[in-house]
Amino acid sequence: MTSPVPVVLVFLDPAFPGGRLADASQPQLMVTDQGATRGDGVFETMLAVGGNVRKIQAHLDRLAGSADALDLAIPGQDEWRRAIATALSEHRVQNPAPAGAGAELVVKLVVTRGAEGAAAPNCWVQVSPVGAGARRQRETGIDVILLDRGYDSDAAERAPWLLLGAKTLSYAVNMAALRHAHKQGADDVIFISSDGRVLEGPTSTVLLAHVEKADDGTSVKRLITPQLDSGILPGTSQGALFTAAKAAGWELGYGPLEPQDLLDADAVWLISSVRLLAPVNHIDGKPVGTPSVQKELTAELNELFAGIQ
Ligand code: PLP
């Protein structure tokens, strides 16, 4: 068995304080692992730049929150940090070619409930290269379609067992939505709730911006994202970017948003940890925003985001 992409794999294991290095091309899980048979588990996807994982604390906190939502007892954050360090240093050993200070890697943290009957979850860190698609979409932007998620925006609160705000391994629906978009010739999706609210992408947070010129010639820039309590995953990228944008003088807003708000915006993006800001060019075939403003704001937000550790 060979892995189609080169992956460095480190299991969290009480017998190995720094994590246990494993061969990603060899079988590692039981066929009864409930992550495989039921999608029962949680994960995080992070970006490492030049060997440093960005927003690591926010990701570890969200992993703990997701695990809590599934009643999964997972190792402490120090153990995760040590395993991440082991995986990144092993990646350096395996890839000694000078990758450059800005070299980007995907660092994934995965927890499954373990094999049926097992007392403890399976936890691991995997490190792999960033795909070309993510880089391309940052540059060229994306076309998206709106898709019904089938839940109303109060469902998360009313029915916590739906795990709507947790990052679970049950992403088959999200991947199906993406395939549906690709069949329509689009790149990505923005989910809409059954009561007509803008929610999120299958793997990203929605952002929009408005620029208003004041009478004195100065401009007010406002960055808006859907309400965080509407059954969406709280994005670590959105959270960090909002903090940086506020410090840089932007005004911030949190929904509720409707599809028309996306079409009325000066710019719309999907943002996530690996792809970063992907400007949205069309929604359901309709052009979005003002291209020159979109370009200017994207450059400004990219610069703010680049400063986030
Ligand atoms: N929403 C969903 C459903 C996601 O899967 C993701 C990331 O994969 C995000 C939002 C963005 O989260 P982050 O910015 O922390 O990567």
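You'll find the structure just up there.
Procedures and definitions
Residues numbered from 1 in each chain as written. Predicted model: local features only at pLDDT ≥ 70, side-chain atom pairs only at ≥ 80, totals over all residues. Heavy atoms only, no water. Phe/Tyr/Trp six-rings, centres within 6.5 Å; stacked < 30°, edge-to-face > 60°. Helix = DSSP H or I, 4+ residues; strand = E, 2+ residues; numbered from the N terminus. Buried < 20%, exposed > 50% of the residue type's maximum accessible area, 1.4 Å probe, protein only. Pairing = 2+ DSSP bridges. Contact = heavy atoms within 4.5 Å. Axes fitted to C-alpha atoms, helices over the stretch in contact; angles between N-to-C directions. Patch = residues over 30% accessible without salt bridge, like charges linked within 9 Å, V, L, I, M, F, W, Y side chains within 5 Å. Areas by Shrake-Rupley, 256 points an atom, 1.4 Å probe, with all protein chains shown as cover. Salt bridge = Lys/Arg side-chain N within 4 Å of Asp/Glu carboxyl O. Near = heavy atom within 4 Å. Polar contact = N/O pair within 3.5 Å; in protein donor to acceptor, adjacent residues only side chain to side chain. Nonpolar A, V, L, I, M, F, W, Y, C, P; charged D, E, K, R; others polar. Parallel < 35°, antiparallel > 145°, perpendicular 65-115°, else oblique.

*Asks:* Summarise the packing of aromatic side chains; cite the residues concerned and give the values.
*Replies:* To describe a pair of aromatic rings, you give the distance between the ring centres and the angle between the ring planes. Taken as a whole and judged by the stated rule, the model has three aromatic pairs. Measuring from ring centre to ring centre gives 5.5 Å for Phe-11 and Trp-124, while their planes differ by 50 degrees; the resulting arrangement is tilted. Of this pair, Phe-11 sits in strand E1 (residues 8–13) while Trp-124 sits in strand E6 (residues 122–129); the two residues are 113 residues apart in sequence, bridging distant segments of the chain. Exposure remark for Phe-11: the relative accessible area of 5% places this residue in the buried category. Trp-124 gets classed as buried once you look at its relative accessible area, which sits at 10%.

*Asks:* Got a sec to walk through the pairing of E1? Specific residues and values, please.
*Replies:* The two faces of a sheet get side chains in turn, since along a regular strand they alternate between them. Among the six residues of E1, six are classified as buried, and the element is accordingly described as predominantly covered. Here four bridges tie E1 to strand E2 (residues 16–22), and the two strands are oriented antiparallel to one another. Counterpart to Val-10 in the pairing with E2 is Leu-21. What sits between E1 and E2 in their antiparallel hairpin is a turn of two residues.

*Asks:* Please provide a residue-by-residue account of the sheet that holds strand E5 (residues 104–112), values included.
*Replies:* With respect to topology, six strands assemble into an open sheet ordered E2-E1-E6-E5-E3-E4, the strand pairing being antiparallel. Whereas interior strands pair on both sides, the edge strands pair on one side only; in this sheet they are E2 and strand E4 (52–53). Contacts from helix H2 (residues 56–69) reach strand E3 (41–49), E4 and E5 within the one sheet, and its direction differs from that of E3 by about 175 degrees. Taken strand by strand, helix H3 (residues 77–94) contacts E1, E2, E3, E4, E5 and E6, and its axis lies near 155 degrees from that of E1.

*Asks:* Just give me the short version of a nonpolar patch on the surface, but keep the residues and values in it.
*Replies:* Residues Tyr-151, Trp-161 and Leu-162 make up a contiguous nonpolar surface patch of roughly 330 Å² in combined accessible area. Summarising the element assignment, Tyr-151 is placed in the loop between strand E7 (142–148) and helix H5 (155–158).

*Asks:* Please set out the site of the ligand residue by residue, giving values where relevant.
*Replies:* Residues in contact with the ligand amount to 16 residues; listed here are only the nearest, Lys-167, Tyr-171, Thr-236, Ser-237 and Ser-273. Take Lys-167: an N or O atom from its side chain is 2.7 Å from an oxygen atom of the ligand. Tyr-171 has a polar side-chain atom sitting 2.5 Å from an oxygen atom of the ligand. For the ligand, whose free accessible area comes to 390 Å², the fraction covered by protein is 95%. Of the residues belonging to the shell around the ligand, the class tally is four nonpolar, nine polar and three charged.

*Asks:* Give me the lowdown on the packing of helix H7 (residues 236–247) against helix H9 (residues 291–306), citing residues and values where you can.
*Replies:* Between H7 and H9, the least distance of the axes is 9 Å, while the angle of their chain directions is 100 degrees. Judged by the angle between their axes, H7 and H9 are roughly perpendicular. Mapping the contact onto sequence places Ser-237, Leu-241, Ala-244 and Ala-245 in H7 and Leu-301, Leu-304 and Phe-305 in H9.

*Asks:* An account of the pattern of salt bridges is requested, with residue identities and associated values reported.
*Replies:* Enumeration according to the criterion identifies eleven salt bridges in this entry. Ionic pairing is found between Arg-20 and Asp-13, a salt bridge with its closest N-O pair at 2.9 Å. Taking the relative accessible area as the measure of exposure, Arg-20 reaches 27% and is therefore partly exposed. Among the residues examined, Asp-13 registers a relative accessible area of 17% and is labelled buried.

*Asks:* Which residues make up the pairing of strand E12 (residues 267–272), and what are the values?
*Replies:* Counting buried positions along E12 gives six out of six residues, so the element sits mostly inside the fold. Here E12 shows no split at all, with Ala-267, Trp-269 and Ile-271 on one side and Val-268, Leu-270 and Ser-272 on the other all buried. Of the pairings in the sheet, the one linking strand E9 (residues 205–213) to E12 comprises five bridges and is antiparallel in character. By the bridge assignment for E12, Leu-207 is matched with Trp-269. Where E12 and strand E13 (residues 276–283) come together, four bridges link them in antiparallel fashion.

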